[in-house]
Amino acid sequence: MGFYLITIEQAWITAGGRCQCMRLSHGHDNARCNRQLVLENRDCEGAGSWSAHHIDPKGGDILSNCEILCGECKEKIDDTEVEPSGKFGANSG
Ligand SMILES: [Zn+2]
Ligand SMILES: [Zn+2]
């Protein structure tokens, strides 16, 4: 599972080499994170690191489902957007 390199490169160009995260809960100064990233630092740690992220986990490995995220945002999202491992069985409603 993962994006083709060509898809990631396209997404990188679309993103302008900056984090595309727009999640309000992250408290970015602007609507978008826009952190400047370093191309060589993909899947690394530290300054300028970034990853290609699936916007919709079930959306497939296509360009429109590929989001460029800085290491910081990726970490926050991994913490909060964990796929549910089972049904929760809530019956209120
Ligand atoms: Zn970010
Ligand atoms: Zn963010």
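See the structure shown above.
Residues numbered from 1 in each chain as written. Chains lettered and ligands numbered in written order. Predicted model: local features only at pLDDT ≥ 70, side-chain atom pairs only at ≥ 80, totals over all residues. Heavy atoms only, no water.

(A) Up close: the coordination of the zinc ion (ligand 2). Looking at the metal site, the zinc ion (ligand 2) is ligated by Cys21 (SG), His26 (ND1), His28 (NE2) and Cys73 (SG), spaced 2.1 to 2.3 Å from it. Given four donor atoms and angles of 97 to 117° at the metal, the environment of the zinc ion (ligand 2) is assigned as tetrahedral. Look at where the donors of the zinc ion (ligand 2) fall in the sequence and you get C-x4-H-x1-H-x44-C. Separating the zinc ion (ligand 2) from the zinc ion (ligand 1) is a gap of 4.1 Å, bridged by Cys73, which donates to each. (Donors = N, O, S within 2.8 Å, 3.2 Å for Na, K, Ca; no water. Tetrahedral: all angles 85-135°; square planar, octahedral: opposite > 155°, others 65-115°.)

(B) Structural context of the pattern of salt bridges. By the definition in use, this model includes four salt bridges. Notably, a salt bridge pairs Glu67 with Arg23, separated by 3.1 Å at the nearest N-O pair. Of this pair, Glu67 sits in strand E2 (residues 66-70) while Arg23 sits in the loop between helix H1 (5-15) and strand E1 (50-54); the two residues are 44 residues apart in sequence, bridging distant segments of the chain. On the accessibility criterion, Glu67 (8% relative accessible area) is buried. With relative accessibility at 18%, the residue Arg23 sits in the buried group. Across the pair Lys74 and Asp78 runs a salt bridge whose closest N-O atoms are separated by 3.1 Å. Pair noted here: Lys74 and Asp78 are both in helix H2 (residues 71-80), with a separation of four residues, about one helical turn. The class of Asp78 is partly exposed, set by a relative accessible area of 39%. (Salt bridge = Lys/Arg side-chain N within 4 Å of Asp/Glu carboxyl O. Helix = DSSP H or I, 4+ residues; strand = E, 2+ residues; numbered from the N terminus. Buried < 20%, exposed > 50% of the residue type's maximum accessible area, 1.4 Å probe, protein only.)

(C) Structural detail: H1. Those residues of H1 that sit buried are Thr7, Ile8, Ala11, Trp12 and Ala15. Burial along H1 is one-sided: seen end-on, the buried residues are contained in an arc of 140°. Exposed side of H1, more than 90 degrees from the buried face: Ile6, Ile13 and Thr14 are the residues found there. The inward-facing, buried residues of H1 abut E1 and E2. Remark: Gly16 follows H1 within two positions and exhibits a positive phi of approximately 70°. (Arc of directions from axis to C-beta. Contact = heavy atoms within 4.5 Å.)

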